[in-house]
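Residue-level structural notes
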Amino acid sequence: MENGSSIAGDSELQQAVRQWLQFDKNPKTVSMVQDLVKEGAVKALKKCFSSRMEFGTAGLRAAMGPGTCCMNDLTIIQTTQGFCSYLEDSFDNIKERGVVIGYDARAHPPSGGGSKRFASLAAAVFISRGVPVHLFSDITPTPFVPFTVSQLGLCAGIMVTASHNPKQDNGYKVYWENGAQIVSPHDKGIAKAIEENLEPWPKSWSTEEALKSPLLKDPYQDIHTQYFKAIQKHCHHRDINKSSEVKIVHTSVHGVGHTFVQSAFQAFDLHPPYPVEEQKDPDPEFPTVKYPNPEEGEGVLTLSFALADREGAAFVLANDPDADRLAIAEKQESGKWRVFTGNELGALLGWWMFRCWKEQNSDDAAEVKNLYMLASTVSSKILRAIALKEGFHFEETLTGFKWMGNRARDLLDQGKTVVFAFEEAIGYMCSPSVLDKDGVSAAAIAGEMISYLATKSSSLSQQVTNIYEEYGYHISKNSYFICHDQDVIRSLFERLRTHSGQKDSYPTECGRFAISAVRDLTTGYDSNQPSNKAVLPTSRSSQMITFSFANGGVATMRTSGTEPKIKYYTELCAAPGNSDVTHLKKELDELVDAIVENFFEPEKNKLQPKPE
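In this text, all values refer to a predicted model and were calculated from it rather than measured experimentally.

Time to look at the pairing of strand 9 (residues 248-251). Neither face of strand 9 is left uncovered, since the one carrying Ile248 and His250 and the one carrying Val249 and Thr251 both have all their residues buried. Alignment of strand 9 against strand 11 (residues 315-319), held across four bridges, turns out to be parallel. Looking at the pairing, Val249 lines up with Val316 of strand 11. Where strand 9 lies against strand 10 (residues 274-275), two bridges are found, and the strand directions are parallel. Paired with His250 across the bridge in strand 10 is Pro275. In this fold, the crossover linking strand 9 to strand 10 by way of helix 12 (residues 257-267) has right-handed handedness.

Have a look at this one:
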């Protein structure tokens, strides 16, 4: 290693860099590392090599660049070798069944990395072991990968995407043979296998050879056809769609969604939505937005609102860059735009999916007992209220679609019908043919719901109100604090667990609000259960406590798996008939203030509030 004297004092770093330069064959990342060594840039080298990206149930997500901390050709090869080896141990018939690999449009010219490149390296690894690979020949939405796993009966799926993260990031998302994302202990098994397979196998870099292999198939056309056929099962008002005058604007926020949402509308015989020209083509630079995340609301939708105003459209649909999430906005009579929250859209789509199901199954009253809807524990409890009144089942899962996808699979295997699942982070599963969130099918289904409501001279805003009037108002308020100090986070949560000095002695009140129940999914405590043992899976690696209040309020405090945040999710669930919304909102605001003051203690803990 030339001129490496400046890192000579750090033998671990030296060894990591030496191994890297021995294994890496990407000239761009090699020269980036060599330059840092020449410059004696110890701090920058440590940033690249201080640890290895951690493989979790969400796979990998990190910045693209050189070193073991980043997404690049070598770390993709190492990850795939570990995953391939783990799959070989798990399935005797992997060489008959194979895997599917999809990718979005992300790219990072400085390091030569990008989703398509990473996908072809992953394919080369599998093909070098004689495993058939269904590699999409072009960009696809994330939901197409789990759909392909289920459709073709494959052992696994990989999607190379960082969803709505900043442009420098990429990710590697993994699906199991059941069509859902992996859950523990697969993540630990794969992580261990990666560590055991760090040296590239002889043919792992041979992408050109792999792309000519008879083991490589392109599922693009077939899956495209099958997917749009599958989602038509959820089209119930074709005549209304055909004649609808409703105008809808769609943005794919520089991601993959444009052509797929156009096709989905076509499959439902809906008029094509007006695309936002500046954002419709994939662009890894995301030039028109600060963050390519429709959850950020209005900032991302500025161009959509302008187009809608020009075209006289009252609705905007927005996908995130990998098209698994969906945001919706509606123009109000005042001329202002209302961006619906994920919980409001969950209420609307849940109501709609049940209504359509009921129309199809009106002659079989008993069948409703077989029907399930799911939501994550930090999402609105509105589906629970609808389920109680209508007689179907509602179940909560832990946060994240991996839990809902796997639970839906279990229920489907027991012969149950899963009509809908959602999480407040604008993720919706409207069709059991994809056991993950899917912003493409949700867009077409929302288009049909909007067209149907228009025939009743109603709007989404009016329908949200109707749902709350009928099933009880569910008003939510979610936010977060930023905290980079793990010790502060730990002591904040520990203080709540040992409120009166002993273990499991949680607060019984928060300000003027009485607490009726506590569930702690870090320790497994649940005061609502006869044995005080929580029913949902628990995890020591993250903090999560839910408080139920005597006034119908529910508040969950949790840490984020991917960001330095302590998030809170609060909701006031009122009984049907209690429609004094102003009073309910005031009550929720006061509850949130009390939680912030008594449980978060932002001044004492030096927490930064969410930037406005």
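For the structure shown, the criterion picks out 25 aromatic pairs. Positioned over the ring face of Tyr471 is Lys389, at 5.6 Å from the centre of the ring. For the cation-ring pair, Lys565 lies above Tyr480, with the distance from its terminal atom to the ring centre recorded as 4.0 Å.

Next up on the list: the pattern of salt bridges. All chains considered together, the criterion is met by 34 salt bridges. In this structure, the salt-bridge partner of Arg512 is Glu590, at a minimum N-O distance of 2.6 Å. Taken together, the residues Arg512 in the loop between strand 19 (509-510) and strand 20 (513-520) and Glu590 in helix 21 (residues 581-600) connect sequence positions 78 residues apart. Of the charged contacts in the structure, one is a salt bridge between Lys586 and Glu590, with a shortest N-O distance of 3.1 Å.

This next bit is on the nonpolar core. Among the nonpolar cores identified, the biggest contains 178 residues, and Phe83, Phe126, Phe420 and Tyr428 are the most heavily contacted of them. Those residues in contact with Phe126 that sit more than four places away from it in its chain are Thr80, Phe83, Cys84, Leu87, Val99, Ile101, Val131, Val133 and Ile158. Listed in part, the eleven residues of the second largest apolar core include Ala180, Tyr372, Ala421 and Met429.

On to helix 15 (residues 342-360). Since the α-helix turns once every 3.6 residues, residues separated by three or four places project in the same direction. Across its 19 residues, helix 15 extends 27 Å between first and last C-alpha, which sits within 8% of the 27 Å expected from 1.5 Å per residue. The buried count for helix 15 comes to 16 of 19 residues, which makes it a mostly enclosed element.

Below, the discussion takes up the UniProt feature "domain: Alpha-D-phosphohexomutase alpha/beta/alpha" (unreviewed entry) in the protein chain. Sequence positions flagged by UniProt for "domain: Alpha-D-phosphohexomutase alpha/beta/alpha" (unreviewed entry) are, in local numbering, residues 53-198, 226-331 and 342-471. Taken end to end, residues 226-331 comprises 38% helix and 16% strand; its first and last C-alpha atoms sit 35 Å apart. Across residues 342-471 one finds 54% helix and 16% strand; the C-alpha atoms that close the span lie 18 Å apart.

For the rest of this paragraph, the subject is the sheet that holds strand 8 (residues 216-217). With mixed pairing, six strands are arranged side by side in an open sheet as 1-7-6-2-5-8. This sheet does not close on itself; its edge strands, each paired only once, are strand 1 (60-63) and strand 8. With four bridges connecting them, strand 1 and strand 7 (residues 169-175) associate as antiparallel partners. Bridged to Leu60 within strand 7 is Tyr172.

A few words now on helix 7 (residues 144-152). Every buried residue belonging to helix 7 is among Phe144, Val145, Pro146, Phe147, Thr148 and Val149, and all of these are buried. Against the buried residues of helix 7 lie strand 2 (99-103), strand 6 (156-160), strand 7, helix 10 (220-230) and helix 12. Residue Gly153 follows helix 7 closely and has a positive phi angle near 65 degrees.

This paragraph deals with the sheet that holds strand 14 (residues 371-376). Strand order across the open sheet formed by four strands is 15-14-16-17, with mixed pairing between neighbours. Looking at strand neighbours, the two that pair on one side only are strand 15 (393-397) and strand 17 (427-429), the edges of this open sheet. Geometrically, the sheet is characterised by an average inter-axis angle of 15 degrees between neighbouring strands, direction not taken into account. Pairing between strand 14 and strand 16 (residues 417-423): five bridges, direction parallel. Bridge assignment links Leu374 to a residue of strand 16, and that residue is Ala421.

Parameters at a glance
Residues numbered from 1 in each chain as written. Predicted model: local features only at pLDDT ≥ 70, side-chain atom pairs only at ≥ 80, totals over all residues. Heavy atoms only, no water. Buried < 20%, exposed > 50% of the residue type's maximum accessible area, 1.4 Å probe, protein only. Helix = DSSP H or I, 4+ residues; strand = E, 2+ residues; numbered from the N terminus. Pairing = 2+ DSSP bridges. Right-handed = clockwise from strand over helix to strand, strands pointing away. Phe/Tyr/Trp six-rings, centres within 6.5 Å; stacked < 30°, edge-to-face > 60°. Lys NZ or Arg CZ within 6 Å of the ring centre and 35° of its normal. Salt bridge = Lys/Arg side-chain N within 4 Å of Asp/Glu carboxyl O. Core = buried A, V, L, I, M, F, W, Y, C linked by side-chain atoms within 4.5 Å. Contact = heavy atoms within 4.5 Å. Expected span 1.5 Å × (residues − 1). UniProt positions renumbered as here; feature names shortened; annotations may be inferred. Axes fitted to C-alpha atoms, helices over the stretch in contact; angles between N-to-C directions.

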